Amino acid sequence: QVQLVESGGGLVQAGGSRRLSCAASGISFSIGVMGWYRQAPGKQRELVAFITSNGDTNYADSVKGRFAISRDNAKSTVYLQMNSLKSEDAAVYYCNARRPTMGGFREYWGQGTQVTVSS
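Residues numbered from 1 in each chain as written. Predicted model: local features only at pLDDT ≥ 70, side-chain atom pairs only at ≥ 80, totals over all residues. Heavy atoms only, no water.

(A) Layout of the overall build of the chain. On a plain count of helices and strands, the chain comes out with zero helices and 11 strands. Ordered by position from the N terminus, the helices and strands of the chain form the series β-β-β-β-β-β-β-β-β-β-β. Taken over C-alpha atoms, the radius of gyration comes to 14 Å for the chain, in line with the 14 Å a tight globule of 119 residues would show. With the C-alpha coordinates of the chain rotated into their principal frame, the extents come out at 45 × 25 × 25 Å. Looking at the chain residue by residue over its 119 residues, the buried ones come to 40%. Across the chain, every contact between residues at least 6 apart in sequence was considered, and the portion connecting residues at least 24 apart equals 55%. Of the roughly 6,400 Å² of accessible surface on the chain, 46% is carried by carbon and sulfur atoms. (Helix = DSSP H or I, 4+ residues; strand = E, 2+ residues; numbered from the N terminus. Rg over C-alpha atoms; globule rule 2.2 N^0.38 Å. Buried < 20%, exposed > 50% of the residue type's maximum accessible area, 1.4 Å probe, protein only. Contact = heavy atoms within 4.5 Å. Areas by Shrake-Rupley, 256 points an atom, 1.4 Å probe, with all protein chains shown as cover.)

Here you go:
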């Protein structure tokens, strides 16, 4: 059974930092893409960042230069370091795993962790 368990959310002041973690189990962590998405109230879920199996990263324009995604294959964990947080970063953050299949890929999601930014 695949499980993605996020942690690290909470209340942070604007301009502050927070690190989210996502521990994976039940999948071959070292292959495939790991990503972070977020969803604010009344908005669609959006991609924040992803990291490939060989370490290539991609970020949403809104977080470039402030957020950093990384992965530790030995710990089956992906991280999202968030710096210079803004009020618009407040959302539920979801961990995502994308694994290749014969016909394409399969996605798995965590339960989400809330990040609240106070001004």
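(B) Just the side chain of Thr 77, in detail. Inspection of the secondary structure assignment puts Thr 77 in strand S8 (residues 77-82). Residue classification places Thr 77 among the buried residues on the basis of a relative accessible area of 9%. In this structure Thr 77 touches Ser 21, Cys 22, Ala 23, Phe 29, Ser 70, Arg 71 and Asp 72, once residues within four positions along its chain are discounted.

(C) Focus on the nonpolar core. Core analysis: the biggest nonpolar cluster contains 29 residues, and Leu 4, Trp 36, Val 78, Leu 80 and Tyr 93 have the highest contact counts within it. Elements represented by at least two residues in this core include exactly strand S3 (18-25), strand S4 (33-39), strand S5 (46-51), strand S7 (67-72), S8, strand S9 (91-100) and strand S11 (113-118). Non-local contacts of Leu 80, meaning those with residues more than four positions away in its chain, are made with Arg 18, Arg 19, Leu 20, Trp 36, Val 48, Ala 49, Phe 67, Ala 68, Ile 69 and Tyr 93. (Core = buried A, V, L, I, M, F, W, Y, C linked by side-chain atoms within 4.5 Å.)

(D) Representation of the pairing of S5. Sheet topology places S4 next to S5; five bridges connect them, and they run antiparallel. Of the residues in S5, the one forming a bridge with Trp 36 is Ala 49. Looking at chain direction, S5 and strand S6 (residues 57-59) are connected through three bridges and run antiparallel. Each bridged residue has a counterpart across the sheet, and for Phe 50 the counterpart in S6 is Asn 58. (Pairing = 2+ DSSP bridges.)

(E) Region of interest: the packing of aromatic side chains. Scanning the entire structure with this criterion turns up one aromatic pair. Positioned over the ring face of Phe 105 is Arg 98, at 4.0 Å from the centre of the ring. (Phe/Tyr/Trp six-rings, centres within 6.5 Å; stacked < 30°, edge-to-face > 60°. Lys NZ or Arg CZ within 6 Å of the ring centre and 35° of its normal.)

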